[in-house]
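Here's the letter readout for the chains.
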Amino acid sequence: MRNLLEPLDYQHNVNATYLQGFQETTLNVAAKTMRAEVEKLIAQVEPEKRDAFSAEMTGFLNLFNRYLVERSKGEKLQWEKIRTPSPEHVKLYRDLPGCAPNRIPEYLEKLAVVKLNGGLGTTMGCVGPKSAIEVRDGMTFLDLTVRQIEYLNSQHGVEVPLILMNSFNTDKDTEKIIQKYTGQQCKIVTFNQSRFPRILKESLVPMPNHPDDEISKWYPPGHGDLFESLNNSGLLDQLIEEGKEYIFVSNVDNLGATVDTTILSHVISSGAEFIMELTDKTKADIKGGTLIDYEGSVRLLEIAQVPAEHMDDFKSVKKFKIFNTNNLWISTVAIKRLVTANALNMEIIVNQKTVDSGEKVLQLETAVGAAIKHFVGAHGINVPRSRFLPVKSTSDLFLITSDLYAMQHGELVVNPKRQFNTVPLVKLGDHFKKVAHFLSRFQSPPHILELDHLTVTGDVTFGSEVVLRGTVIIVANHGSRIDIPSGAILDDKIVSGNLRILDH
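None of these values were measured; they are calculated from a predicted model. (Residues numbered from 1 in each chain as written. Predicted model: local features only at pLDDT ≥ 70, side-chain atom pairs only at ≥ 80, totals over all residues. Heavy atoms only, no water.)

1. Some details on the sheet that holds strand 12 (residues 274-280)
Phase 1 of the analysis: Pairing in this open sheet of 8 strands is mixed, and the strands run 2-18-12-15-11-3-6-7 from one edge to the other. Of all the strands in the sheet, just strand 2 (90-92) and strand 7 (188-192) have a single pairing partner and so form its edges. Strand-to-strand, the axes of this sheet are offset by a mean angle of 25°, without reference to chain direction.
Phase 2 of the analysis: Direction of pairing for strand 6 (residues 162-166) relative to strand 7: parallel, over a ladder of 5 bridges. Opposite Met-165, over in strand 7, you have Phe-191 as the bridge partner.
Phase 3 of the analysis: Contacts between helix 11 (residues 332-340) and the sheet are confined to strand 11 (246-251) and strand 15 (322-331), with strand 15 contributing the most and set at about 90° to the helix. (Pairing = 2+ DSSP bridges. Helix = DSSP H or I, 4+ residues; strand = E, 2+ residues; numbered from the N terminus. Axes fitted to C-alpha atoms, helices over the stretch in contact; angles between N-to-C directions. Contact = heavy atoms within 4.5 Å.)

2. Quick look at unusual backbone geometry
Phase 1 of the analysis: Look at Glu-295: it is not a glycine, yet its phi comes out positive at around 55°.
Phase 2 of the analysis: Assignment of secondary structure puts Glu-295 in the loop between strand 13 (290-294) and strand 14 (297-301).
Phase 3 of the analysis: Accessibility expressed as a relative area gives 57% for Glu-295, which makes it exposed. (Buried < 20%, exposed > 50% of the residue type's maximum accessible area, 1.4 Å probe, protein only.)

3. What to know about the side chain of Asp-483
Phase 1 of the analysis: Position of Asp-483 among the secondary structure elements: in strand 25 (residues 481-484).
Phase 2 of the analysis: Overall, Asp-483 belongs to the buried group, its relative accessible area being 3%.
Phase 3 of the analysis: At 2.6 Å, the side chain of Asp-483 and the side chain of Thr-461 are in polar contact.
Phase 4 of the analysis: There is a polar contact of 2.8 Å between the side chain of Asp-483 and the side chain of Arg-481. (Polar contact = N/O pair within 3.5 Å; in protein donor to acceptor, adjacent residues only side chain to side chain.)

4. Some remarks on helix 11
Phase 1 of the analysis: Buried within helix 11 we find Thr-332, Ala-334, Ile-335, Leu-338 and Val-339. Along the axis of helix 11, the buried residues cluster in a sector spanning 155°; they form a single face.
Phase 2 of the analysis: For helix 11, the secondary structure elements touched by its buried residues are helix 7 (226-232), helix 8 (235-241), strand 11 and strand 15.
Phase 3 of the analysis: Capping the start of helix 11, Ser-331 holds a side-chain oxygen 3.4 Å from the backbone nitrogen of Val-333, two or three residues further along. (Arc of directions from axis to C-beta.)

5. Digging into the sheet that holds strand 16 (residues 349-354)
Either a parallel or an antiparallel arrangement is found when strands of a sheet pair, and the pairing is made through backbone hydrogen bonds.
Phase 1 of the analysis: The 3 strands are arranged 9-17-16 in an open sheet whose pairing can be described as antiparallel. The outermost strands of the open sheet, each flanked by one partner alone, are strand 9 (199-200) and strand 16.
Phase 2 of the analysis: Examined bridge by bridge, strand 9 and strand 17 (residues 360-365) share 2 bridges and lie antiparallel to one another. Residue pairing for strand 17: Ile-199 is matched across the bridge by Leu-362.

6. Regarding the environment of Ala-100
Phase 1 of the analysis: Structurally, Ala-100 is set in the loop between strand 2 and helix 4 (104-108).
Phase 2 of the analysis: Residues Ala-100 and Thr-262 lie 162 residues apart in sequence; the distance between their C-alpha atoms is 8.9 Å.

7. So, the environment of Phe-274
Phase 1 of the analysis: Mapped onto the elements of the fold, Phe-274 is located in strand 12.
Phase 2 of the analysis: Between the C-alpha atoms of Phe-274 and Pro-87, which are 187 residues apart in sequence, the distance is 16 Å.

8. Overview of the pattern of salt bridges
Phase 1 of the analysis: Inspection of the entire model under this criterion finds 22 salt bridges.
Phase 2 of the analysis: The shortest N-O distance in the salt bridge between Glu-37 and Lys-40 comes to 3.2 Å. Remark: Lys-40 and Glu-37 occur in helix 2 (residues 25-43); sequence separation between them is 3 residues, near one turn of the helix.
Phase 3 of the analysis: The closest approach of N and O atoms between Lys-110 and Glu-245, which form a salt bridge, is 3.2 Å. (Salt bridge = Lys/Arg side-chain N within 4 Å of Asp/Glu carboxyl O.)

9. Quick look at the pairing of strand 19 (residues 405-408)
Phase 1 of the analysis: For strand 19 and strand 20 (residues 411-414), the ladder comprises 4 bridges, and the chain directions are antiparallel. Looking at strand 20, one finds that Met-407 is bridged to Leu-412.

10. Looking at the packing of aromatic side chains
Phase 1 of the analysis: Tallying each qualifying case throughout the model produces 15 aromatic pairs.
Phase 2 of the analysis: Taking the centre distance of 6.2 Å and the plane angle of 85° together, the rings of Phe-196 and Tyr-219 count as edge-to-face. Note that Phe-196 is positioned in strand 8 (residues 196-197) and Tyr-219 in strand 10 (residues 218-219), a separation of 23 residues in sequence. This pair shows no difference in class: Phe-196 is buried, exactly as Tyr-219 is.
Phase 3 of the analysis: Measuring from centroid to centroid gives 5.1 Å for Phe-438 and Phe-442, while their planes differ by 55°, and the two rings are tilted. Summarising the burial analysis for this pair, Phe-438 and Phe-442 share the class buried.
Phase 4 of the analysis: An aromatic cluster of at least three residues, connected via ring pairs, comprises Phe-60, Phe-64, Tyr-67, Phe-196 and Tyr-219.
Phase 5 of the analysis: Above the face of the Trp-218 ring, Arg-195 is positioned so that its terminal group lies 3.7 Å from the ring centre.
Phase 6 of the analysis: Across the ring face of Phe-314, the terminal group of Lys-281 is positioned such that the distance to the ring centre comes to 5.1 Å. (Phe/Tyr/Trp six-rings, centres within 6.5 Å; stacked < 30°, edge-to-face > 60°. Lys NZ or Arg CZ within 6 Å of the ring centre and 35° of its normal.)

11. Here's the deal with the packing of helix 2 against helix 3 (residues 47-73)
Phase 1 of the analysis: At a minimum axis distance of 10 Å, the contact between helix 2 and helix 3 shows a crossing angle of 170°. As judged from the angle between their axes, helix 2 and helix 3 are roughly antiparallel. Note that helix 2 runs across helix 3; the crossing there is right-handed. Taking contact as the criterion, the partners of Leu-27, Ala-30, Ala-31, Met-34, Arg-35, Val-38, Leu-41, Ile-42 and Ala-43 in helix 2 are, on helix 3, Arg-50, Phe-53, Ser-54, Met-57, Phe-60, Leu-61, Phe-64, Asn-65, Leu-68, Arg-71 and Ser-72.
Phase 2 of the analysis: A breakdown of the residues in the contact of helix 2 with helix 3 according to their chemical character gives 14 nonpolar, 3 polar and 3 charged. (Parallel < 35°, antiparallel > 145°, perpendicular 65-115°, else oblique. Left-handed = near helix turned anticlockwise from the far one by under 90°. Nonpolar A, V, L, I, M, F, W, Y, C, P; charged D, E, K, R; others polar.)

So, to be careful, I would describe these as geometric facts and stop short of saying anything about function.
Dropping the structure here:
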């Protein structure tokens with residue numbers, strides 16, 4: 001077990017350059033107090049689980065100490081140093097040569113697919129992992145992912161494994177769910193991202209007093225934890241041993257994040273250790289992180305890093321034209337090198353929350369894409385919008401379940417009858433927020449091949465075979481209800497007031 005009671009200056013797994021910045025007495029006290037409290041937690045863990053817990057807590061202390069140093073320095077992003085990335089830093093997908101068909105099996109054998117599966121479906125009114133929500137034809141996010149990889153493996157005679165990074169919130173349920181895939185041509189492996197203690201904002205000590213305290217006192221530290229957790233689990237070494245040279249990482253709720261052999265071929269031929277897929281920003285993507293040139297190196301700029309006075313600039317579609325899809329292609333050997341050297345110092349996202357007890361807590365998190373600055377030859381690829389189909393809300397679900405898309409082997413493809421390259425902008429009100437409420441308000445998915453913009457607020461229901469075209473706005477004021485009748489065609493229409501259709 002690592003001794004966390006050693007003086008901070010001598011902890012070999014804490015970056016010494018950060019420790020030299022500890023000049024203020026209050027910060028030294030905070031660091032020593034936190035270390036002592038964490039040591040108490042470790043001492044209470046059963047001996048057979050102590051090493052794994054200690055490794056997690058070492059990662060937590062490393063992050064906490066960096067937070068203290070950065071806070072004491074007060075350094076902020078210097079906006080005037082931000083530049084648009086050069087063509088060398090962002091390639092265009094359309095310019096990439098396709099993969100030679102005879103090389104596809106060889107290249108696929110070098111790949112493993114990693115899905116970030118730590119989120120719950122609570123924001124959409126669902127219980128359990130978000131990946132278990134039904135999104136299309138009775139199939140869940142996970143069903144679609146397994147079907148895609150199974151088809152890929154059977155078509156090319158390869159074995160691309162599916163790896164799920166769970167959190168303590170999703171692990172138990174996911175382990176039960178994946179049993180139904182036994183016998184499929186898709187090897188599924190899981191590992192857990194770290195579990196860090198929430199920090200009491202006023203005292204800067206851990207919220208939990210015991211390692212088995214209720215889960216509300218702990219948090220998963222963002223998907224930037226992927227690298228450490230993959231290494232700590234032993235899976236990283238296993239992948240390297242099996243000849244898996246690259247992992248393709250994406251959010252489990254991005255239905256557009258499929259294995260693309262054109263990109264894979266470019267990854268291998270370019271020798272890049274890290275490639276980020278970006279796509280053109282629309283007004284619906286103003287909060288998405290973007291790739292920038294900062295003092296000559298490529299970096300990810302997240303909204304949490306943007307000074308308040310420059311927020312409008314960041315959200316501008318004109319200044320920052322692309323954003324991060326979180327589809328990432330990363331070298332396994334490079335991850336091992338950087339983790340071993342403790343060289344991954346991604347920007348810290350400070351997430352402040354107020355818990356049910358009224359206490360204010362801090363969660364220190366990192367984003368996986370922010371690691372791009374540490375990898376050799378790292379760059380972005382501007383990909384088609386079809387590779388970014390996230391389902392974060394029922395407005396997204398509305399699009400995914402519509403005739404805008406067709407299903408092919410678990411993959412959603414744009415209906416060729418859609419005449420526009422853009423996806424309709426859809427805003428559904430609070431009456432549609434939960435999945436159950438959303439489903440109850442449509443007798444069948446409307447036809448939206450010619451839709452540009454849809455806004456629906458209030459108590460509104462839709463009959464079957466409704467057609468929506470152009471810009472459609474439907475507003476049911478408080479106390480009113482609007483029932484759109486079956487077979488209705490709304491073409492550039494505003495509907496308001498009260499419209500009831502009663503069964504008889």
